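# Notes for the structure review
These are the residues of each chain, in order.
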Amino acid sequence: QVQLVESGGGSVQAGGSLRLSCRISLYIWGRCLGWFRQAPGKERDRVATLAKDGRPVYADSVQGRFTISKDDDENTLYLQMDNLTPEDTGMYYCAADRGGLRCDFTFWGQGTQVTVSS
């Protein structure tokens, strides 16, 4: 059974930082990986992704503030979040694809809550 386990969420004040981690029970090299978030009453949105070649793509709202990275040896995905704002509040999920040709996010974690107060 594939497992993705997020950690690192919490409550911070605006302007603060958090670093999320996602431990994945798969070899992650060559996979599409990503972080998504869901605010209360809203749909789940893409925050940042890594393409199969490792190229990062960010949502406009987090560009310049968030950094996605990975450690292939540890099969772990990270999201460094700086200069947080209340609009960043939500449940953050990590996801991984099946490793095929297409970048489909099939495997998901249970999420970690991030709360940013003004």
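It should be noted that the structure appears before, not after, this text.
Described in the following lines is the structure provided in the data block.

Quick notes on the rules
Residues numbered from 1 in each chain as written. Predicted model: local features only at pLDDT ≥ 70, side-chain atom pairs only at ≥ 80, totals over all residues. Heavy atoms only, no water. Salt bridge = Lys/Arg side-chain N within 4 Å of Asp/Glu carboxyl O. Helix = DSSP H or I, 4+ residues; strand = E, 2+ residues; numbered from the N terminus. Buried < 20%, exposed > 50% of the residue type's maximum accessible area, 1.4 Å probe, protein only. Pairing = 2+ DSSP bridges. Axes fitted to C-alpha atoms, helices over the stretch in contact; angles between N-to-C directions. Core = buried A, V, L, I, M, F, W, Y, C linked by side-chain atoms within 4.5 Å. Contact = heavy atoms within 4.5 Å.

## Brief notes about the pattern of salt bridges
Pairs may arise between side chains of opposite charge once their charged atoms sit close together. Within the structure shown, the criterion is met by six salt bridges. We note a salt bridge from R23 to E74, for which the minimum N-O separation is 3.7 Å. One end of the pair, R23, is in strand β3 (residues 18-24); the other, E74, is in the loop between β7 (66-71) and β8 (76-81), and 51 residues separate them in sequence. Salt-bridge contacts for R37 lead to D88; the nearest nitrogen and oxygen are separated by 2.9 Å. Of the two residues, R37 is situated in strand β4 (residues 33-38) and D88 in the loop between β8 and β9 (90-97); the sequence distance between them amounts to 51 residues. For the pair R37 and D88, one class covers both residues: buried. Within the structure, one salt-bridge network assembled from shared partners comprises R37, R65 and D88.

## Quick notes on the sheet that holds β8
Reading across from one edge, β1-β3-β8-β7 is the order of the four strands in this open sheet, with antiparallel pairing throughout. The open sheet is flanked by β1 (4-7) and β7, the only strands paired with a single partner. Averaged over all adjacent pairs, the angle separating strand axes in this sheet is 15°, with direction ignored. Here six bridges tie β3 to β8, and the two strands are oriented antiparallel to one another. Bridging from a neighbouring strand, C22 pairs with L77 of β8.

## Brief notes about the nonpolar core
Soluble globular proteins: nonpolar side chains tend toward being buried together. Grouped together as the largest cluster of nonpolar side chains are 27 residues, with contacts concentrated most on W35, L77, L79 and M81. At the level of elements, β3, β4, β5 (44-50), β7, β8, β9 and β11 (112-117) are the ones that each hand at least two residues to this core. If you tally residues by element for this core, the top one is β3, at four residues. Beyond its immediate stretch of four places on either side in the chain, L79 contacts L18, R19, L20, W35, V47, A48, F66, T67, I68 and Y92.

## Describing the pairing of β4
With respect to burial, β4 is a largely interior element, five of its six residues being buried. Relative to β5, β4 is paired through six bridges, and the arrangement is antiparallel. When the bridges of β5 are listed, F36 appears paired with R46.

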